[in-house]
Amino acid sequence: MATPLIAGIAVAVTALAGKYGIEAWQAFKTRQAVPTVRKYYEGGFQAVMTRREAARILGVRESVAQDKVKEAHRRVMQANHPDAGGSDYLASKINEAKDHLLGQSRGSGSAF
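As named in an unreviewed UniProt entry, the chain is J domain-containing protein, taken from Sphagnum troendelagicum. Per its UniProt entry, the chain bears the Subcellular location (unreviewed entry) comment "Mitochondrion inner membrane". We quote the UniProt Sequence similarities (unreviewed entry) comment for the chain here in full: "Belongs to the TIM14 family."

In structure tokens, the structure reads:
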């Protein structure tokens, strides 16, 4: 007599656990995605370089001293120089960013 009762309770407990497991899984699937913090800026370059974009390329603030701009340019250019396997396009954008932040102008912008 006790064996069918224990078996019935075990089936009921299993059914309840399955029900709550399915509900938890559905709630997990429908949750909103948490925005992830990215280390790198995702997006292309703007047609005309802005001060903000130039600062992002060099990794400095928009209102930074000229010596910090030159230091950041040197650091970023060492990592992306065409002679060291970097891209000509990125090197031109890095130079354009430095020129933009220093207030210099070289032609109409990037060579590309």
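And the narrative resumes.
Visitor: I'd love a proper account of the packing of helix H3 (residues 66-80) against helix H4 (residues 88-102), names of residues and values included.
Guide: Interhelical geometry of H3 versus H4 gives an angle of 180 degrees and a closest axis separation of 10 Å. Classed by the angle they form, the pair H3 and H4 counts as roughly antiparallel. Seen from H3, the contacting residues are Gln-66, Val-69, Lys-70, His-73, Val-76, Met-77 and Asn-80; seen from H4, they are Leu-90, Ala-91, Ile-94, Asn-95, Lys-98, Leu-101 and Leu-102. Partitioning the contact of H3 with H4 into residue classes produces eight nonpolar, four polar and two charged.

Visitor: Just give me the short version of the nonpolar core, but keep the residues and values in it.
Guide: Among soluble globular proteins, nonpolar side chains are generally buried collectively. Formed by 15 residues in total, the largest nonpolar core has its most connected members in Leu-58, Val-60, Ile-94, Ala-97 and Leu-101. Here this core takes five residues from H4, the largest share from any one element. With near-sequence residues (within four places) excluded, Leu-58 lies in contact with Val-69, Ala-72, His-73, Arg-75, Val-76, Ile-94, Ala-97, Lys-98 and Leu-101.

Definitions and limits used
- Residues numbered from 1 in each chain as written.
- Predicted model: local features only at pLDDT ≥ 70, side-chain atom pairs only at ≥ 80, totals over all residues.
- Heavy atoms only, no water.
- UniProt positions renumbered as here; feature names shortened; annotations may be inferred.
- Axes fitted to C-alpha atoms, helices over the stretch in contact; angles between N-to-C directions.
- Helix = DSSP H or I, 4+ residues; strand = E, 2+ residues; numbered from the N terminus.
- Parallel < 35°, antiparallel > 145°, perpendicular 65-115°, else oblique.
- Contact = heavy atoms within 4.5 Å.
- Nonpolar A, V, L, I, M, F, W, Y, C, P; charged D, E, K, R; others polar.
- Core = buried A, V, L, I, M, F, W, Y, C linked by side-chain atoms within 4.5 Å.
- Buried < 20%, exposed > 50% of the residue type's maximum accessible area, 1.4 Å probe, protein only.

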